[in-house]
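An overview of the molecular structure
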Amino acid sequence: MNTNEHETEAVDEAVVPAKTTITIRLLDKIETTTSSNSVGN
Amino acid sequence: MRLPRVKFEHRPHRYEDGTIRIGGEIYGIAAEIADPYGWAWTALTLMDGTRSLDEIIERLRLAHPELPDPESIVEQLAATRYVEDAAAVPPAGLSERERDRYSRNHAFFRTVDIVPRGHGWETQLRLKSARVVVLGLGGTGCHAAWALAAVGVGTIHCVDPDLVELSNLNRQVLYGEGDVGRPKAEAAVARLRTVNSDISVTGERRHIGSRRELDELIAGYDALALCADRPTGHDIRVWANRACAAAGIPWAGGGYNGPLVTVGCFAPGAGACYECLSSGEEARRHPGTPVDLGGPGVIATSAGVSGQLVAHALLGLLTGVPVPPVGTIQGVNLIAADHHVWVRHPPRPGCPVCGTRADGSEHNSMHRMTEIDAGRANRTRP
Ligand SMILES: [Zn+2]
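First, a word on what this report is: a plain description of the structure on this page. (Residues numbered from 1 in each chain as written. Chains lettered and ligands numbered in written order. Predicted model: local features only at pLDDT ≥ 70, side-chain atom pairs only at ≥ 80, totals over all residues. Heavy atoms only, no water.)

Considering empty space enclosed by the protein
Residue and element names in this part refer to chain B. One pass over the structure, following the stated rule, counts five cavities of 30 Å³ or more. For the largest cavity, the calculated volume is near 90 Å³. Asn241, Phe266, Ala267, Pro268 and Cys273 are the residues nearest the centre of the largest cavity, which is lined by 15 residues in total. Here the residues of the lining of the largest cavity sort into eleven nonpolar, four polar and no charged. Taken as a whole, the second largest cavity spans an internal volume of roughly 70 Å³. Lys7, Glu84, Phe109, Arg110, Asp113, Arg117, Gly118, His119 and Gly120 together form the lining of the second largest cavity. Class assignment for the residues of the lining of the second largest cavity results in one nonpolar, three polar and five charged. (1 Å grid on protein atoms, 1.4 Å probe; cavity = no way out; pocket = protein on both sides within 12 Å on 5 of 7 lines; lining within 4 Å. Points joined across faces, edges and corners; volume = space filled by probe spheres on them. Nonpolar A, V, L, I, M, F, W, Y, C, P; charged D, E, K, R; others polar.)

Remarks on the sheet that holds strand β2 (residues 13–14) of chain B
Taken in spatial order, the four strands make up an open sheet running β1(A)-β4(B)-β3(B)-β2(B), and their pairing is antiparallel. The sheet is open, and its two borders are formed by β1 (24–26) of chain A together with β2 of chain B, each paired with just one other strand. The pairing of strand β3 (residues 20–22) of chain B with strand β4 (residues 31–33) of chain B spans three bridges and is classified as antiparallel. Opposite Arg21(B), over in β4(B), you have Glu32(B) as the bridge partner. Running over the sheet, helix α1 (residues 39–46) of chain B touches β2, β3 and β4 of chain B and is turned about 40 degrees from β3(B). (Pairing = 2+ DSSP bridges. Helix = DSSP H or I, 4+ residues; strand = E, 2+ residues; numbered from the N terminus. Contact = heavy atoms within 4.5 Å. Axes fitted to C-alpha atoms, helices over the stretch in contact; angles between N-to-C directions.)

Now the structure itself:
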C-alpha cells in the first residue's frame, strides 16, 4: 500500500476547496495478488 | 442512477489506517481509496441498493457533519466501475431464457467493465447484435467459433475449404469421428447450432485466394476472426489487415508455433496495424535470421488457447468489455511460465493502413472504436 501519495484532500479552514475529492488509485501489478485463488467451475 | 449498489464482486474492505480496498485483488480492477476520515467508507456502506442517491447523501451528512459536501463524495463513487444500479430493469432485448443462459457472462462483464452501467446487460446486447466471420476452422478457428457461439455473438459465419480428417480430431473441438470426410464448414455449423440455438450460425466451404475475395467475404460484418494460415501466414494476414482497414472493422488473428501461442488485435484508426507490428519485429531481428514458422506440431491445449485468445480479443473489439489491447500482439509460451509476449511498435509514418497522412489526419474513421477509446481513457482513473 502506498497511502501517503494519495491522501484525501482534507478540508482546510483557510482554503476551502470547491469540491471534496477522493482519489481512487488502481493498484499496480506488484500490489495485487499473484497467488492462485480461483473459484468457480 | 436510482439505487446505487456496490457490485458484489467489488465489495470493499477497510484497513486499520482507514484505507479502503475495493474491486478485489486483481490487477486492472482492484483499487485503493485513501479515506482517513471514513467518508468514502460510510458512503460505500450505504450503497447497498436500498437507498437513493439523495438518501445516501443525507445519511452521510448526518454521519459526518464535518464533511462540507457529502454529495460530492457520493457522486464520485457512484460514477465508478464499482457501483451498479439496483433499480435497473433487465432490457427487453433479451429473453428470460437468454438472461439465464448468459447469467455467468453478465457477472463476468460486470466484474471487468470499467464503465458504470445500468442493468449490466449492455455488453451482452452488443454481442447479440454483432456479426462475425470466422475464417479458418482448424485448431484455432474451431475453438474461436465455439467460444463466440457460447458467449452469444448473434451472427457467426464460418468459412473453410477443407474436409475433416482423422488427424484433426486431436485438437479441432467442433468435430467428431463421424465427421471425418465431411466439409469442415458444414460440420462446424451443425455443431455450433447445438451449442447455441439462440444465435444465427451460417457457413460455407470456400477457399479465400485473394484480397478481393476477402473484401467480399467480410462485407456487412462487424469483425473478422482470422484463424487461417493459408495462403502462407503472412499473405492472409496482410490481406486481413488491409481488407478490414478498408471496411472499417476490427479483426483478431491467432496462431501457434509449437508451444508459443499468440493473438493479434487490430482496429482501424487505433494503434499500429499488423504490417507495422510485423515490420517492427523484423527490424528487431538479427539481419538474415530466418523467420521460424514452426512445424505441424500442435495439441488440443495449444490450439485451444490460440482460439480462445482470438475469441477473447474479438469480444473486446466488439464491445469494449474488456478493453482490448488494440494494435498489439500478445501471447503465452506454454513451456515457459515467465514468458509473456506483448509485441508493440508504433505505426510506421506513412503506413497506408494505419499511419498518418501528410496533412496529419488519420487514414480511417474510427466510429466503431469511439466508445472503446473512451473506455481506455478512463482506465487509469475509473
Ligand atoms: Zn500500419
